[in-house]
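Residues per chain, in single letters:
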Amino acid sequence: IRQGLRLGLLDVGIHGLTHCQTEGRVFLPKLFRGNRQFHREFREELPYQWHYENLKRAKEILEGFFGCEIPLFIPPGNHYGPKTERACAELGIRLLNCRTPDRQLANLRIISDQQVFPFHDKEIVELGLPWLEERLVELKSRGPFVFVREL
């Protein structure tokens, strides 16, 4: 991934720090009820400081590891709200991509999935690189690729 970034072939986005709410171990499976709501790290009912600190730490980790600025956030489960938007803007995260309408806030551009081929590393693990290669060939036949930041 580092080499792909250096060569300008890849871009990396922040996908959260924990992907879920970790306090009180509420993310663990429940016997008679679901836990899906706790697998959304940026739930609006959580305090603003949670949104800010998790995004800040995730950004620091990725930027330290890859040695470059990471201006893109892709919220886990497409779930976020005004607190997340505010934290992104305050941390210098300028782009947010998920299943939502395009719009521009003061310091944050929100980009819908309509023009994006969203996939998770999970798909590559489960379906293999041939799956990704086939999707890329199919998409390339429709026109040139651009990074999310270029949309």
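The rules behind these values
- Residues numbered from 1 in each chain as written.
- Predicted model: local features only at pLDDT ≥ 70, side-chain atom pairs only at ≥ 80, totals over all residues.
- Heavy atoms only, no water.
- Helix = DSSP H or I, 4+ residues; strand = E, 2+ residues; numbered from the N terminus.
- Buried < 20%, exposed > 50% of the residue type's maximum accessible area, 1.4 Å probe, protein only.
- Contact = heavy atoms within 4.5 Å.
- Areas by Shrake-Rupley, 256 points an atom, 1.4 Å probe, with all protein chains shown as cover.
- Core = buried A, V, L, I, M, F, W, Y, C linked by side-chain atoms within 4.5 Å.
- Pairing = 2+ DSSP bridges.

*Asks:* Help me understand the overall build of the protein, please; the structure alone is not making it clear to me.
*Replies:* Each helix and strand counted, the protein has five helices and four strands in total. Residue burial in the protein is summarised as follows: out of 151 residues, 36% are buried. Restricting to contacts in the protein with at least 6 residues of sequence separation, those with at least 24 account for 50%. Accessible area for the protein stands at about 9700 Å²; split by element, carbon and sulfur atoms hold 56% of it.

*Asks:* I keep staring at the nonpolar core and nothing clicks. Help me out?
*Replies:* Where a protein is soluble and globular, its nonpolar side chains tend to be buried together. Membership of the largest hydrophobic core comes to 20 residues, with the highest contact counts inside it found for Ile14, Leu55, Phe73, Cys88, Ile93 and Leu96. Within the residue set of this core, elements represented by two or more residues are helix H2 (48-66), helix H3 (82-90) and strand E2 (95-98). Here this core gets five residues from one element, more than from any other, and that element is H2. Contacts of Cys88, omitting those with residues within four sequence positions, involve Leu55, Phe73, Ile93, Leu96 and Leu108. Residues Leu72, Ile111, Val116 and Val148 belong to the second largest nonpolar core, which totals five residues.

*Asks:* Which parts of the structure should I look at to understand the sheet that holds strand E3 (residues 103-104)?
*Replies:* The pairing of strands in a sheet comes from backbone hydrogen bonds and takes either a parallel or an antiparallel form. Taken in spatial order, the four strands make up an open sheet running E1-E2-E4-E3, and their pairing is mixed. The open sheet terminates on both sides in strands that have one partner only, identified here as strand E1 (72-73) and E3. One ladder, built from two bridges, connects E3 with strand E4 (residues 109-112); its direction is antiparallel. If you follow Gln104 over to E4, its bridge partner there is Arg109.

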